[in-house]
Every structure is written in structure tokens, then in C-alpha cells.
Amino acid sequence: MKLNRSTDMALRIAMLTAADPRRMTVDELSDQLHLPRNHVAKVVQRLQRLGVLVTIRGRSGGVAFAEGGGDVTVGQVVRAFEGDDEVVSCDEPACTLRTACRLRGELRRARDAFLAVLDGVTLGGLVDGPTGPALLALGLPRHRPALDAPHPIRSEER
């Protein structure tokens, strides 16, 4: 089973914000995790609705890990981003084996077991011990030129 890109991003964002006590902007999250800014903004909104993050508007605003966010399980995040769909679709196109097939039930059982394991892992638990400081050391921001900074003059423009 492969998680979609949004789920992967959500878990990375949750782990970084859980490890870092300061407020970060969407731009900082994007830079530190090397992810597209627009996708980060959408994922942050969904994580806020899930109760993992809090967002504060305004000049001194930003994104922070919610007070109870550490109790949210990885399984809850995966369900919120992946949904509860079947692993395979027996309806589109309609499968002729559906009435006698045991595969769908076994795949459902495997999905449920996968999520049960993730339900035993909290977001707070993911950053306990040495993991939190390691996360903070990995996310060094990329250089992003200031929007109002003058562009350097190339030698052929002189």
C-alpha cells in the first residue's frame, strides 16, 4: 500500500511542527521540508481542521503544533488524508468474480491491520527521544532571494 503525496506531506509537517516549539510560516515549512508552498498551505489547512495544528493570522502569526496534537494518531492522519476506500474497486469496472471472490475481504482485513498498527502510534511519539532534534537539524532552509532585493547585474548588461 502506498500513501498519497498529501498524506506523506501531512506526516512530515506534523513531525516537524511537533519537534519545533516555535511558530513557522507556510514558507518556512515549505523551505525546511523542500515541498511546494501551495501544497503545504493546503495540507496545513487540513491538519488544522484535524486538530494537529493551530494557525494564527497576522504579522506575528504562523503555524504551530496544537496542544493536543501529540495525542493524534498516525492512523487518524492517514484516514483523514486517504479516506476509508477499499484497496481495490470491484465496481468500476464491475468484476465478474465479485460474488465468489474472497480477495476483497482479505484486502480489507490487511488494510484494517495496517491502520490498527498506525493507530498505536501518536504524532507526539514520533518525535520523542533523539528524533526531534534530528528533525530540526535536517531541515536547514534553502536560500530564497528577497522579493524586493535588487537583481545582480550580469556582465553582459554592463
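Our structure's up above, just so we're on the same page.
Caption draft 1: A look at helix α3 (residues 37–50). Helix length check: α3, at 14 residues, gives a terminal C-alpha distance of 20 Å against a target of 20 Å (1.5 Å per residue), a fit within 8%. Inspection of α3 places Val-40, Val-43, Val-44 and Leu-47 among the buried residues, and these make up the whole buried set. Relative to the axis of α3, the buried residues are bounded by an arc of 110° and lie together on one face. Structural note: α3 exposes Asn-38, Lys-42 and Arg-49 on the side pointing more than 90 degrees away from its buried face. Where α3 is buried, its residues touch α1 (5–19), α2 (26–33), β1 (53–56), β2 (62–65) and α4 (74–82). One or two positions beyond α3, positive phi appears at Gly-51, with a value near 90°.

Caption draft 2: Highlighting the pattern of salt bridges. Applying the stated criterion to the full structure yields 7 salt bridges. Between Arg-12 and Asp-8 there is a salt bridge, with its nearest N and O atoms 2.9 Å apart. Highlighted residues: Arg-12 and Asp-8, both in helix α1, separated by 4 residues, approximately one helical turn. The residue Arg-109 makes a salt bridge to Glu-106 at a minimum N-O spacing of 2.9 Å. You can see Arg-109 and its partner Glu-106 sitting in helix α5 (residues 103–119), 3 residues apart, about one turn around the helix. Given the relative accessible area of 57%, Arg-109 is considered exposed. We classify Glu-106 as partly exposed; its relative accessible area is 37%. Three or more residues joined by partner-sharing salt bridges are found here, namely Arg-5, Asp-8 and Arg-12.

Caption draft 3: A look at unusual backbone geometry. Of note in the backbone geometry, His-34 takes a positive phi value of approximately 55° without being a glycine. With respect to the secondary-structure elements, His-34 resides in the loop between α2 and α3. Accessibility expressed as a relative area gives 43% for His-34, which makes it partly exposed.

Caption draft 4: Highlighting the pairing of β1. Pairing of β1 with β2, which is carried by 4 bridges, proceeds in the antiparallel orientation. Opposite Leu-53, over in β2, you have Phe-65 as the bridge partner. What sits between β1 and β2 in their antiparallel hairpin is a turn of 5 residues, with Gly-58 showing a positive phi close to 105°.

Rules used in this analysis
- Residues numbered from 1 in each chain as written.
- Predicted model: local features only at pLDDT ≥ 70, side-chain atom pairs only at ≥ 80, totals over all residues.
- Heavy atoms only, no water.
- Helix = DSSP H or I, 4+ residues; strand = E, 2+ residues; numbered from the N terminus.
- Expected span 1.5 Å × (residues − 1).
- Buried < 20%, exposed > 50% of the residue type's maximum accessible area, 1.4 Å probe, protein only.
- Arc of directions from axis to C-beta.
- Contact = heavy atoms within 4.5 Å.
- Salt bridge = Lys/Arg side-chain N within 4 Å of Asp/Glu carboxyl O.
- Pairing = 2+ DSSP bridges.

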